Amino acid sequence: MKLVIIDYGAGNIKSIQFAFKRLGIDAILSNNPEIITSADRIIFPGVGEASSAMKMLRKSRLDELIPKLKQPVLGICLGMQLMCNSSEEGNTTGLGIFNVDVKRFSNAVKVPHMGWNTVNGLKSNLFKNIKEDAFMYLVHSFYAEMCQEAIASTHYELDYASALQKDNFYGVQFHPEKSGEIGEQLLKNFINI
């Protein structure tokens, strides 16, 4: 199993790397298109601000490569948001893989949404052996709206898409690498897709 974590300067990649190491997989960190395209599975992480992250992707031309990937790709947190059409964060155009927009939570709730929350409405093999209302760890101020590609939802101020899937592309708003045994199960499921 060749697993590559896309290293474009906007990711908490060490914790993801350690999570896979616990599963017996040495993940490769790379921004090299040849290494990325030869991977069996790809993780597209993201921590930080959407517009600066997109600038880094454009600079390395990964914005052109990622939507063309054929193997399973998992976007985590900002990585998932960048796979959407657009984000209100920095008025950013995304990669357009998922046909949904990313909005900011209102000031009626505490932002960022931080801590443990439940995921429900689970669809897809990504959630195999994970029960409805399982708790996952989240840290975010922006969310993907509910849409056709939603495979899980979470409630905070409103119901939003906490996981998305289209073809070989998957995205999760939560951090599986920080979500204990349930997050570990999701990473195992991704490897076995």
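Refer to the preceding data block for the structure.
Our subject in this report is the structure included herewith. In this text the structure is predicted, and so the values were computed from the model without any measurement. (Residues numbered from 1 in each chain as written. Predicted model: local features only at pLDDT ≥ 70, side-chain atom pairs only at ≥ 80, totals over all residues. Heavy atoms only, no water.)

1. Points about the overall build of the chain
Point 1. A tally of regular secondary structure across the chain gives six helices and 13 strands.
Point 2. Taking 16 Å as the expected radius of gyration for a compact globule of 193 residues, we find that the chain reaches 15 Å, a close match to that expectation.
Point 3. Judged by the C-alpha coordinates and their principal axes, the chain covers about 45 × 35 × 30 Å.
Point 4. Out of the 193 residues in the chain, the part that is buried amounts to 54%.
Point 5. In the chain, the share of contacts with a sequence separation of at least 24, taken over all contacts with a separation of at least 6, comes to 69%.
Point 6. Accessible surface, the chain as shown: approximately 8700 Å² in total, 48% of it carbon and sulfur.
Point 7. The average position of the 20 basic charges and that of the 20 acidic charges among the side chains of the chain differ by 4 Å. (Helix = DSSP H or I, 4+ residues; strand = E, 2+ residues; numbered from the N terminus. Rg over C-alpha atoms; globule rule 2.2 N^0.38 Å. Buried < 20%, exposed > 50% of the residue type's maximum accessible area, 1.4 Å probe, protein only. Contact = heavy atoms within 4.5 Å. Areas by Shrake-Rupley, 256 points an atom, 1.4 Å probe, with all protein chains shown as cover. Lys, Arg positive; Asp, Glu negative; His and termini not counted. Charge placed at Lys NZ, Arg CZ, Asp CG, Glu CD.)

2. Points about the pattern of salt bridges
It is possible for side chains bearing opposite charge to pair when their charged atoms get close.
Point 1. Enumeration according to the criterion identifies four salt bridges in this entry.
Point 2. A salt bridge links Arg22 to Glu184, with the nearest nitrogen and oxygen atoms 3.9 Å apart. With Arg22 in helix H1 (residues 13-22) and Glu184 in helix H6 (residues 180-192), the pair connects residues that are 162 residues apart, well separated along the chain.
Point 3. Residue classification places Arg22 among the exposed positions, given a relative accessible area of 54%.
Point 4. The class for Glu184 is partly exposed, based on a relative accessible area of 26%. (Salt bridge = Lys/Arg side-chain N within 4 Å of Asp/Glu carboxyl O.)

3. Section: the pairing of strand S12 (residues 158-166)
Point 1. With six bridges joining them, strand S11 (residues 150-156) and S12 adopt antiparallel strand pairing. Pairing of Thr154 across the sheet is with Tyr160, part of S12.
Point 2. Between S11 and the antiparallel strand that follows it, S12, lie one residue; Glu157 among them carries a positive phi value of about 70°.
Point 3. Where S12 lies against strand S13 (residues 169-172), four bridges are found, and the strand directions are antiparallel. (Pairing = 2+ DSSP bridges.)

4. Quick notes on the layout of surface pockets
Point 1. Its volume calculated, the largest pocket comes out at about 220 Å³.
Point 2. Surrounding the largest pocket, 16 residues form its lining, Val47, Gly48, Cys77, Val139 and His140 being those nearest its centre.
Point 3. Of all the secondary structure elements, the ones that give two or more residues to the lining of the largest pocket are helix H5 (78-82) and strand S9 (134-140).
Point 4. Residues of the lining of the largest pocket, tallied by class, amount to seven nonpolar, seven polar and two charged. (1 Å grid on protein atoms, 1.4 Å probe; cavity = no way out; pocket = protein on both sides within 12 Å on 5 of 7 lines; lining within 4 Å. Points joined across faces, edges and corners; volume = space filled by probe spheres on them. Nonpolar A, V, L, I, M, F, W, Y, C, P; charged D, E, K, R; others polar.)

5. Here's the deal with the nonpolar core
Point 1. With 34 residues, the main nonpolar core has Ile43, Leu74, Leu126, Phe127 and Leu186 as its most contacted residues.
Point 2. If you list the elements that add at least two residues to this core, you get strand S1 (3-6), H1, strand S4 (73-76), S9, S11, S12, S13 and H6.
Point 3. Contacts of Phe127, omitting those with residues within four sequence positions, involve Leu122, Ile151, Ala152, Ala163, Phe174, Leu186 and Asn189. (Core = buried A, V, L, I, M, F, W, Y, C linked by side-chain atoms within 4.5 Å.)

6. Overview of the packing of aromatic side chains
Point 1. In total, this model carries eight aromatic pairs according to the counting rule given.
Point 2. Seen in terms of ring centroids, Tyr8 and Phe44 are 5.4 Å apart; in terms of plane orientation they differ by 45°. Their pairing is tilted. With Tyr8 in the loop between S1 and H1 and Phe44 in strand S3 (residues 41-44), this residue pair connects regions lying 36 residues apart in the sequence.
Point 3. Take Tyr8: its relative accessible area is 7%, and that puts it in the buried class.
Point 4. Through pairs of rings, three or more aromatic residues link up here, namely Phe105, Tyr143, Tyr156 and Tyr160. (Phe/Tyr/Trp six-rings, centres within 6.5 Å; stacked < 30°, edge-to-face > 60°.)

7. Concerning the pairing of S13
Along any regular strand the residues' side chains alternate between the sheet's two faces.
Point 1. Of the two faces of S13, the one lined by Phe169 and Gly171 and the one lined by Tyr170 and Val172 are each fully buried.
Point 2. Taken together, S12 and the strand that follows it, S13, pair antiparallel across an intervening segment of two residues, in which Asp167 is found at a positive phi of about 55°.

8. Considerations on the side chain of Thr92
Point 1. As for its placement among the helices and strands, Thr92 is situated in strand S6 (residues 92-93).
Point 2. Residues within four places of Thr92 in sequence aside, it is in contact with Ala50, Ser51, Met54, Asn85, Ser86 and Ser87.

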